[in-house]
Amino acid sequence: MVFDILTLFPEFFSSTVRHGVVGRAAASGLIEVNARSLRDYTEDRHRTTDDYPYGGGHGMVMKVEPVVKGIEALKGSGGPANVVLTTPQGRLFSQPLAEELASKGRLIIVCGRYEGYDERIREFADYEISIGDYVLSGGEIPALVMIDAVSRLVPGVLGEPESAKSDSFSRGLLEYPQYTRPEEFRGMRVPEVLLSGNHAEIEKWRRKESIRRTCLRRPDLLEKADIANGDRAFLEEMIKKGGPGSS
Ligand code: ADE
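Keep in mind that this is a model prediction, so the values were computed, not measured.

Criteria and thresholds
Residues numbered from 1 in each chain as written. Predicted model: local features only at pLDDT ≥ 70, side-chain atom pairs only at ≥ 80, totals over all residues. Heavy atoms only, no water. Helix = DSSP H or I, 4+ residues; strand = E, 2+ residues; numbered from the N terminus. Rg over C-alpha atoms; globule rule 2.2 N^0.38 Å. Buried < 20%, exposed > 50% of the residue type's maximum accessible area, 1.4 Å probe, protein only. Contact = heavy atoms within 4.5 Å. Areas by Shrake-Rupley, 256 points an atom, 1.4 Å probe, with all protein chains shown as cover. Core = buried A, V, L, I, M, F, W, Y, C linked by side-chain atoms within 4.5 Å. Near = heavy atom within 4 Å. Polar contact = N/O pair within 3.5 Å; in protein donor to acceptor, adjacent residues only side chain to side chain. Salt bridge = Lys/Arg side-chain N within 4 Å of Asp/Glu carboxyl O. Pairing = 2+ DSSP bridges. Axes fitted to C-alpha atoms, helices over the stretch in contact; angles between N-to-C directions. Domains from an automatic or database assignment.

### So, the overall build of the protein
Logical step 1: Looking only at helices and strands, one finds nine helices and 10 strands in the protein.
Logical step 2: Taking 2.2 N^0.38 as the reference for a compact globule, 247 residues should give roughly 18 Å; the C-alpha atoms of the protein span a radius of gyration of 23 Å, well beyond that estimate.
Logical step 3: In terms of principal-axis extent, the alpha carbons of the protein reach across some 70 × 45 × 35 Å.
Logical step 4: Every one of the 247 residues in the protein was classed for burial, and the buried ones make up 40%.
Logical step 5: When contacts within the protein are restricted to residue pairs at least 6 apart in sequence, those whose partners lie at least 24 apart make up 74%.
Logical step 6: Of the accessible surface of the protein, which amounts to about 14,600 Å², a share of 51% is contributed by carbon and sulfur atoms.

Right, here's the structure in full:
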């Protein structure tokens, strides 16, 4: 998976590709992160990437030429690529969208800065993506979020093929509670079933806790979740007994 980034701050990306899961994936060649400066695609002496908005108003607007030249230069080398614009006006980033992007093989991610893009830039993008309903000062952090979430889905990046699947959101449910040693901490004990060695019971408990947690914290996810008949019965029983706080 190749990520080509067009940004005013290429240094933003150099430390990410040295650490953790993404760092190991880059070191082993499973992913590639190349950050290019948008200023490389300017032609004036001041290497200008922004300008005043037509019609007046506050703030600066990202110029169309450097962005489009950058996209075209990157598209002209390497394999086919999909272009992503980071913008708070975009489609909300999610696990299914991360999966869709992971299937593309190569992404060119344009990091917005200033008050916004010259509208004509949008003609050159396949995706406009927002990472949440808040405004950041640039698209570098959203790009890093996407690189991380997408890289985890590239085959071979996570040690166990199962671990990406059981993560929160993969089946549309939140992950079950996890514990590690010690068995007791300040009077709080690890649930007995996890110490029982009975794997079938452990699986059942985890599934129920996953549903309980989703019901409690993100009931909106339940509508779309991958829920079997047995799970539905548990959900109904839980609601009858007084909600997700009950056993
Ligand atoms: N640029 C500024 N805010 C953003 C957001 N929430 N998502 C993506 N890009 C952005």
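### Description of the nonpolar core
Nonpolar side chains in soluble globular proteins generally cluster together in the buried interior.
Logical step 1: Ranked by internal contacts, the top residues of the largest apolar core, which has 27 residues, are Phe-3, Phe-93 and Leu-101.
Logical step 2: For this core, the secondary structure elements donating two or more residues are strand S1 (2-7), helix H1 (20-27), helix H3 (95-102), strand S6 (106-110), strand S8 (127-130) and helix H4 (140-151).
Logical step 3: Looking at this core element by element, the count peaks at six residues for H4.
Logical step 4: With residues near it in sequence (within four places) discarded, Leu-101 still touches Met-1, Val-84, Phe-93, Leu-107, Tyr-127, Ile-129, Met-146 and Val-150.
Logical step 5: Counting 18 residues, the second largest nonpolar core, distinct from the first, contains Leu-38, Val-64, Leu-74 and Ile-121.

### Some thoughts on the site of the ligand
Logical step 1: Lining the immediate surroundings of the ligand are Thr-86, Thr-87, Pro-88, Ile-129, Ser-130, Ile-131, Gly-132, Tyr-134, Val-135, Leu-136, Gly-138 and Pro-142.
Logical step 2: The contact in question runs from a nitrogen atom of the ligand to an N or O atom on the backbone of Gly-132, over 3.1 Å.
Logical step 3: One nitrogen or oxygen atom from the main chain of Leu-136 is found 3.0 Å from a nitrogen atom belonging to the ligand.
Logical step 4: When isolated, the ligand has an accessible area of 260 Å², and the protein chains bury 96% of it.
Logical step 5: For the shell around the ligand, the secondary structure elements donating two or more residues are strand S5 (82-92) and S8.
Logical step 6: It is S5 that provides the largest number of residues to the shell around the ligand, a total of three residues.

### Overview of the pattern of salt bridges
Logical step 1: Counted according to the given criterion, the structure contains 18 salt bridges.
Logical step 2: In this structure, the salt-bridge partner of Lys-63 is Asp-51, at a minimum N-O distance of 4.0 Å. Of this pair, Lys-63 sits in the loop between strand S4 (61-62) and helix H2 (64-75) while Asp-51 sits in strand S3 (residues 50-51), and the two are 12 residues apart along the sequence.
Logical step 3: We classify Lys-63 as partly exposed; its relative accessible area is 21%.
Logical step 4: The class for Asp-51 is partly exposed, based on a relative accessible area of 37%.
Logical step 5: With its nearest N and O atoms 3.7 Å apart, the salt bridge here joins Lys-63 to Glu-65.
Logical step 6: One network of salt bridges, in which partners are shared, links Glu-183, Glu-184, Arg-189 and Glu-192.

### With respect to the sheet that holds S5
Logical step 1: In spatial order, the strands read S2-S1-S6-S5-S8; together these five strands make up an open sheet with parallel pairing. Of all the strands in the sheet, the pair left with one neighbour each is strand S2 (32-37) and S8. The sheet shows a mean angle of 30° between the axes of neighbouring strands, direction not considered.
Logical step 2: Sheet analysis places S5 next to S8, joined by five bridges and oriented parallel. Counted as the bridge partner of Thr-86 is Ile-129 from S8.
Logical step 3: Packing against the sheet, H2 makes contact with S1, S2, S5 and S6, and its axis sits at approximately 165° to S6.
Logical step 4: Taken strand by strand, H4 contacts S1, S2, S5, S6 and S8, and its axis lies near 180° from that of S1.

### Concerning the sheet that holds strand S7 (residues 116-117)
Logical step 1: Taken together, three strands build an open sheet; the order of strands is S3-S4-S7 and the sheet is mixed. Each having just a single partner strand, S3 and S7 make up the two edges of the open sheet.
Logical step 2: As judged from the two bridges shared by S4 and S7, these two strands associate in the parallel manner. Of the residues in S7, the one forming a bridge with Val-61 is Gly-116.

### Topic: the domain arrangement of the protein
Logical step 1: For the protein, the domain assignment lists domain 1 (2-151) and domain 2 (168-241).
Logical step 2: Distance between the C-alpha centres of domain 1 and domain 2: 37 Å.

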